[in-house]
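# Secondary and tertiary structure notes
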Amino acid sequence: MRAHALLAVDVVVFALVDGELRTRLVKIRDGPFAGQWAFPGGLVGADESLEAVALRELGAAAGVDVHLEQLRTFGDPERDRRGRVVATAYLGLVPDPAVVSESDRYLASAWVDVGALPALAYDHEAMAAAALERLRGKLGYTSIVRTLLPVEFTLSELQSAYEVI
């Protein structure tokens, strides 16, 4: 076992797709969680900021305005079977799922309805719950829902976004 913990960043990103709130999941290629679904994430390099890792893991196209905020730190010593890894989770919101690129690090990726998530690796089910709670909570006192909509939208589209979330 390592003498010190490793630091990781995981990104719970949401988009409105076909009238549903969806989140991007990736299927893990290697390790003890191989074949399981999780949120995109990775270890923090010695010269990287947490936000830089979140953007890297999100794979957002250059120049795309992505709403990204730190959600919470997950530090249960048993969260990763490979050893002690502390993860900072980020909440990401994109107006179009196409701005998130595919990565060959994973077996697959998919945009999944938040109401129909499969079993997730690590402690990502807790991350999903925390991210959804944060998003729903901010609806009442911010205009955060606009980050899920195109630049121009109708009042009906805005109302629908509130209702879906």
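In the block above lies the structure referred to throughout.
Summarised in this report is the structure supplied together with it. (Residues numbered from 1 in each chain as written. Predicted model: local features only at pLDDT ≥ 70, side-chain atom pairs only at ≥ 80, totals over all residues. Heavy atoms only, no water.)

### Quick notes on the packing of aromatic side chains
Here is the rule we go by: Each aromatic pair joins two rings of Phe, Tyr and Trp (for Trp, the six-membered one) with centres within 6.5 Å, and gets the label stacked for planes under 30 degrees apart, edge-to-face for over 60, and tilted for any other angle. Helix and strand definitions here come from DSSP, where helices need a minimum of 4 consecutive H or I residues and strands a minimum of 2 consecutive E residues; each element is numbered from the N-terminal end. Only protein chains enter the area calculation, which uses a 1.4 Å probe; residues under 20% of their type maximum are buried, those over 50% are exposed, and those in between are partly exposed.
Considering all chains together, one arrives at one aromatic pair under this definition. Judged by centre distance (4.3 Å) and plane angle (45 degrees), the rings of Phe33 and Tyr122 are tilted. In this pair, Phe33 sits in the loop between strand S2 (20-28) and strand S3 (37-38) while Tyr122 sits in the loop between strand S7 (106-113) and helix H2 (124-138), placing the two residues 89 residues apart along the sequence. We classify Phe33 as buried; its relative accessible area is 6%. We classify Tyr122 as partly exposed; its relative accessible area is 24%.

### A word on the pattern of salt bridges
Threshold: Salt bridge, as used here: a side-chain nitrogen of Lys or Arg that lies within 4 Å of a carboxyl oxygen of Asp or Glu.
Overall, the coordinates contain eight salt bridges when judged by the stated rule. One salt bridge connects Arg22 with Glu20, and the closest N-O pair in it is separated by 2.8 Å. A salt bridge links Arg105 to Glu57; the shortest N-O distance between them is 2.7 Å. With a gap of 48 residues between them, Arg105 in the loop between strand S6 (85-93) and S7 and Glu57 in helix H1 (residues 50-58) connect regions that are remote in the sequence. Exposure remark for Glu57: the relative accessible area of 5% places this residue in the buried category.

Such coordinate-based values are descriptive only and should not be taken to indicate function.
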